[in-house]
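Analysis of the macromolecular model
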Amino acid sequence: MPLKTLFLNPPSFENFDGGAGSRWPATREIESYWYPVWLAYPAGMLEGARLLDAPPHHVSGEETIEIAKEYEFLVLFTSTPGFPGDQLLARAIKRANPGIKIAFVGPHVSVLPEKSLRDCPEIDFVCRKEFDYAVVDYAKGKALEEIAGVSFLRDGKVVHNPDAAQIQDLDALPHVTDVYKRDLDVTRYNVPFLLNPFVSLYTTRGCPAQCTFCLWPQTLSGHPWRKRSSDDVAREMAKAKEMWPNVKEFFFDDDTFNIQKARTIELCAKLKPLGLTWSCTSRVTTDFETLKAMKEAGCRLLIVGYESGDQQILKNIKKGATIERARQFTKDCHKLGLVVHGDFIMGLPGETHETINNTIAFAKELDVETIQVSVAHAYPGTELYDYAVKNGFMVGDNKMVDEGGHQLAHIQYPGLPADDILSAVHRFYDEYYFRPKAVFRILRKAAFDSNDRKRLYKEAKTFLKLRSARNKMVKKHHDDAAAAEPVKA
């Protein structure tokens with residue numbers, strides 16, 4: 001028998017959407033959670049294992065410590081914002097269960113393995129990048145010295161085993177939906193723009209795009225694009241449909257689901273007979289024919305990273321897309337009846353007050369159904385991080401999140417302080433959603449669905465509360481800065 005293993009997406013800040021399923025770990029403006037897909041793969045390979053996704057199931061730190069007493073091996077997916085709290089949790093778990101072995105996985109320890117091990121002596125080893133087979137091998141008794149892709153301390157010295165080869169045969173991995181069915185309550189997961197309840201999973205790994213800010217391709221999954229066979233995906237989806245007749249939508253949370261036209265059209269042909277409602281990620285480079293095939297196969301919504309309405313910023317971040325292409329793509333989606341959720345980022349390299357205004361105007365011109373506006377976060381291991389550090393653009397305390405896990409601006413530029421970037425996020429939301437056209441869309445949606453009405457009310461209340469708290473924080477920073485200025489004679 002392998003070691004009895006607990007795979008943990010740890011409790012952290014209240015309502016924190018951590019790294020095991022989130023590319024942008026933070027507490028959202030509206031409570032939402034992605035599935036811990038990365039942990040589900042190895043959790044499906046070990047007899048007696050359990051996947052504990054603490055945040056959406058509201059499992060406290062104390063409860064997690066009690067649960068961990070029953071296990072011999074803990075695999076914890078950490079993140080840069082969550083790492084300080086995860087260290088404390090690991091310490092408490094070791095104190096309650098001294099014999100347990102602890103491995104940390106995820107981008108943060110992939111990039112900073114030695115620092116992570118020295119910061120937290122309770123960690124027995126860390127896995128760099130993909131960790132599916134490394135943790136399974138350890139649980140089955142393989143010596144650390146023989147496992148590729150792990151780092152550990154031996155007699156006070158760090159040992160970095162050679163990197164593990166990227167997994168090529170994705171069909172050989174378990175279906176994560178089997179693990180969800182065993183260990184998770186799908187009604188606990190909410191993303192405001194997706195139908196509820198929903199289930200998310202991957203059909204590919206890696207992303208060939210070179211976006212400088214994007215976390216996973218640079219630190220975890222890599223740039224080489226690897227795909228599951230369309231038959232394997234279709235088998236999992238047919239099974240998932242039977243397992244959850246109450247699920248209203250499936251979400252393909254690949255780094256970029258439709259980056260290869262031929263594969264997308266082939267997969268759509270396999271999905272169409274299943275009669276599913278599904279959504280996915282997309283780049284604006286996707287052409288009309290591909291979008292049409294997706295729509296006909298049951299696709300409802302696309303998450304699209306527009307990022308900025310300024311062409312120079314898109315060049316600066318190596319987005320590989322143009323403003324004009326984004327316009328045409330959005331027109332194609334509107335024509336086909338595909339809903340678009342647009343993602344934008346404030347504070348990318350080259351940002352100014354003028355480019356912020358241009359991006360807000362661009363978003364209003366596109367007029368997609370819903371938007372998400374984030375502040376640029378420079379995670380260790382990304383090109384954006386190296387750029388910000390090299391040029392002295394990181395804010396002094398370098399805090400990525402506040403005491404509640406909400407995003408803070410930690411990059412600033414000459415003439416554009418961090419507080420102005422954070423304020424721009426809320427101005428963006430205000431200008432976008434308080435337009436008559438956007439208000440009408442929201443009211444129309446609420447009028448025809450009582451469940452949506454309750455959900456929208458709760459989400460609006462949560463968002464406005466956070467907005468008020470952030471505005472007070474920014475005002476306090478401005479007042480403190482003004483008070484600190486010397487009085488002119």
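Residues numbered from 1 in each chain as written. Predicted model: local features only at pLDDT ≥ 70, side-chain atom pairs only at ≥ 80, totals over all residues. Heavy atoms only, no water.

**Points about the pairing of strand β10 (residues 198–201)**
Side-chain alternation along β10 places Phe198 and Ser200 on one buried face and Val199 and Leu201 on a second face that is also buried. In this sheet, strand β13 (residues 249–252) lies alongside β10 in parallel orientation, the contact comprising four bridges. Bridging across to β13, Leu201 finds its partner in Phe252. (Buried < 20%, exposed > 50% of the residue type's maximum accessible area, 1.4 Å probe, protein only. Helix = DSSP H or I, 4+ residues; strand = E, 2+ residues; numbered from the N terminus. Pairing = 2+ DSSP bridges.)

**Remarks on the sheet that holds strand β16 (residues 339–346)**
Strand order in the open sheet formed by six strands is β10-β13-β14-β15-β16-β17, with parallel pairing between adjacent strands. Since the sheet does not close on itself, it has two edges, and those belong to β10 and β17 (370–375), each with one partner. Across this sheet, the average inter-strand angle for adjacent strands is 20°, counted without regard to direction. Running at roughly 165° to strand β15 (residues 299–307), helix α14 (residues 323–336) makes contact with β14 (278–282), β15 and β16 of the sheet. Each of β15 and β16 is contacted by helix α15 (residues 353–366), which is oriented at about 180° to β16, the strand it contacts most. (Axes fitted to C-alpha atoms, helices over the stretch in contact; angles between N-to-C directions. Contact = heavy atoms within 4.5 Å.)

**Describing the packing of aromatic side chains**
This structure, assessed with the given rule, holds 24 aromatic pairs. Here the aromatic rings of Tyr35 and Tyr189 are separated by 3.9 Å at their centres, their planes lie at 15°, and the arrangement is stacked. Taken together, the positions of Tyr35 in the loop between β3 (26–27) and α1 (37–43) and Tyr189 in the loop between α8 (176–183) and β10 put the pair 154 residues apart, joining distant regions of the chain. Ring geometry for Tyr432 and Tyr433: centres 5.4 Å apart, planes at 85°, overall edge-to-face. Among the residues examined, Tyr432 registers a relative accessible area of 0% and is labelled buried. By the ring-pair criterion, three or more aromatic residues cluster together here, those being Trp34, Tyr35, Tyr180, Tyr189, Phe198 and Phe251. Positioned above the aromatic ring of Tyr432 is the side chain of Arg435, whose terminal nitrogen or guanidinium carbon lies 4.3 Å from the ring centre. (Phe/Tyr/Trp six-rings, centres within 6.5 Å; stacked < 30°, edge-to-face > 60°. Lys NZ or Arg CZ within 6 Å of the ring centre and 35° of its normal.)

**Overview of the nonpolar core**
Nonpolar side chains in soluble globular proteins tend to be buried together. In terms of nonpolar packing, the biggest core is built from 131 residues, with Trp278, Leu302 and Tyr306 touching the most fellow members. No other element matches the nine residues that helix α17 (residues 418–433) contributes to this core. Residues in contact with Leu302, not counting those within four places in the same chain, are Cys280, Ser282, Leu291, Met294, Phe329, Cys333, Leu338, Val339, Val340 and His341. In this structure, Leu8, Tyr71, Ala92 and Val126 belong to the second largest nonpolar core, which totals 24 residues. (Core = buried A, V, L, I, M, F, W, Y, C linked by side-chain atoms within 4.5 Å.)

**Examining α14**
Taking 1.5 Å per residue as the helical rise, α14 with its 14 residues ought to reach 20 Å, and the 20 Å between its terminal C-alpha atoms agrees with that figure. Residues Ile323, Ala326, Phe329, Thr330, Asp332, Cys333 and Leu336 constitute the buried set of α14. Among the structural elements, β14, α12 (288–296), β15, α13 (311–316), β16 and α15 are those in contact with the buried residues of α14. (Expected span 1.5 Å × (residues − 1).)

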